[in-house]
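Inside the fold
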Amino acid sequence: MWFEPDVQPIPGMNFPPKDFESVTLTNKGHGRIEQRTLTVSSQLKGFLPWPHLEQVFKLERRFTSIRTGKVQKQVVYGITSLSRQDITPRQLLQMTRAYWGIENGLHYRRDVTLLEDRTRMTKGRMGQAMACINNLVLGILLGKLKFRYLPRTRRYFAAHPDEALSLITRL
């Protein structure tokens, strides 16, 4: 509600001015045009019972497929302990984009490709052991051997188990 436009006030009443600051960045790549708009406000500091809250923000993403023209929109809300003196809206927008690069680069590989979220190992420390094995797999395949696309690499080693075993024994 904070980021929504103000409705008409009752006659004789008014809304306090909001301290919104926005920045928009547009990128083209991967067959689409991405437009991101970040709007920040520090007026809720001290109003919300959230420790160390300095700013709230609204991130609007608009993706347009170059091939089809189809438009997708996403809206994400967030909070940060960084003040306007610590970070500009442009820097905050870049930071949120970098965060999703990590999320997509590491967690997506673990959760989707290695099926970590589907694993239901509750006995003892089996879950931790499986996470260590997944870290080892990612470290070897992506870090040491420089494979770029993990699903293709998994399919390759599934079809060539002798090479997978050879890889493990060479460690």
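Now for a quick tour of the structure. Worth saying up front: this structure is predicted, and the values here are computed from it rather than measured.

1. As for the sheet that holds strand 4 (residues 71-80)
- With antiparallel pairing, 4 strands are arranged side by side in an open sheet as 1-2-3-4. Sheet topology places strand 1 (21-29) and strand 4 at the edges, where each strand pairs with a single neighbour. Sheet twist, expressed as the average angle between the axes of neighbouring strands with direction ignored, equals 15°.
- As paired elements, strand 1 and strand 2 (residues 32-41) share 9 bridges and run antiparallel to each other. Residue pairing in the sheet places Thr-24 in a bridge with Thr-37 of strand 2.

2. What about the packing of helix 3 (residues 150-159) against helix 4 (residues 161-169)?
- At a minimum axis separation of 5 Å, helix 3 and helix 4 run at an interaxial angle of 105°. Overall, the two elements helix 3 and helix 4 adopt an arrangement that is roughly perpendicular. Contacts between helix 3 and helix 4 involve Tyr-156, Phe-157, Ala-158 and Ala-159 on the former and, on the latter, Pro-161, Glu-163, Ala-164 and Leu-167.
- Residue classes in the contact of helix 3 with helix 4 are distributed as 7 nonpolar, no polar and 1 charged.

3. Digging into the pairing of strand 2
- Within strand 2, 7 of the 10 residues are buried, which leaves the element mostly enclosed by the surrounding structure.
- Where strand 1 folds back on strand 2, the antiparallel hairpin that results is connected by 2 residues, among which His-30 adopts a positive phi of roughly 60°.
- Note: strand 2 against strand 3 (residues 55-65), 10 bridges, orientation antiparallel. Within strand 3, the residue paired with Val-40 across the bridge is Phe-57.

4. A few points about the side chain of Thr-37
- Following the sequence through the fold, Thr-37 ends up in strand 2.
- Its relative accessible area of 18% is what places Thr-37 among the buried residues.
- At 3.0 Å, the side chain of Thr-37 and the side chain of Thr-24 are in polar contact.
- Setting aside anything within four residues of it in sequence, one finds Thr-37 in contact with Val-23, Thr-24, Lys-58, Leu-59 and Glu-60.

Cut-offs used in this document
Residues numbered from 1 in each chain as written. Predicted model: local features only at pLDDT ≥ 70, side-chain atom pairs only at ≥ 80, totals over all residues. Heavy atoms only, no water. Pairing = 2+ DSSP bridges. Helix = DSSP H or I, 4+ residues; strand = E, 2+ residues; numbered from the N terminus. Axes fitted to C-alpha atoms, helices over the stretch in contact; angles between N-to-C directions. Parallel < 35°, antiparallel > 145°, perpendicular 65-115°, else oblique. Contact = heavy atoms within 4.5 Å. Nonpolar A, V, L, I, M, F, W, Y, C, P; charged D, E, K, R; others polar. Buried < 20%, exposed > 50% of the residue type's maximum accessible area, 1.4 Å probe, protein only. Polar contact = N/O pair within 3.5 Å; in protein donor to acceptor, adjacent residues only side chain to side chain.

In short, geometric facts, not functional conclusions.
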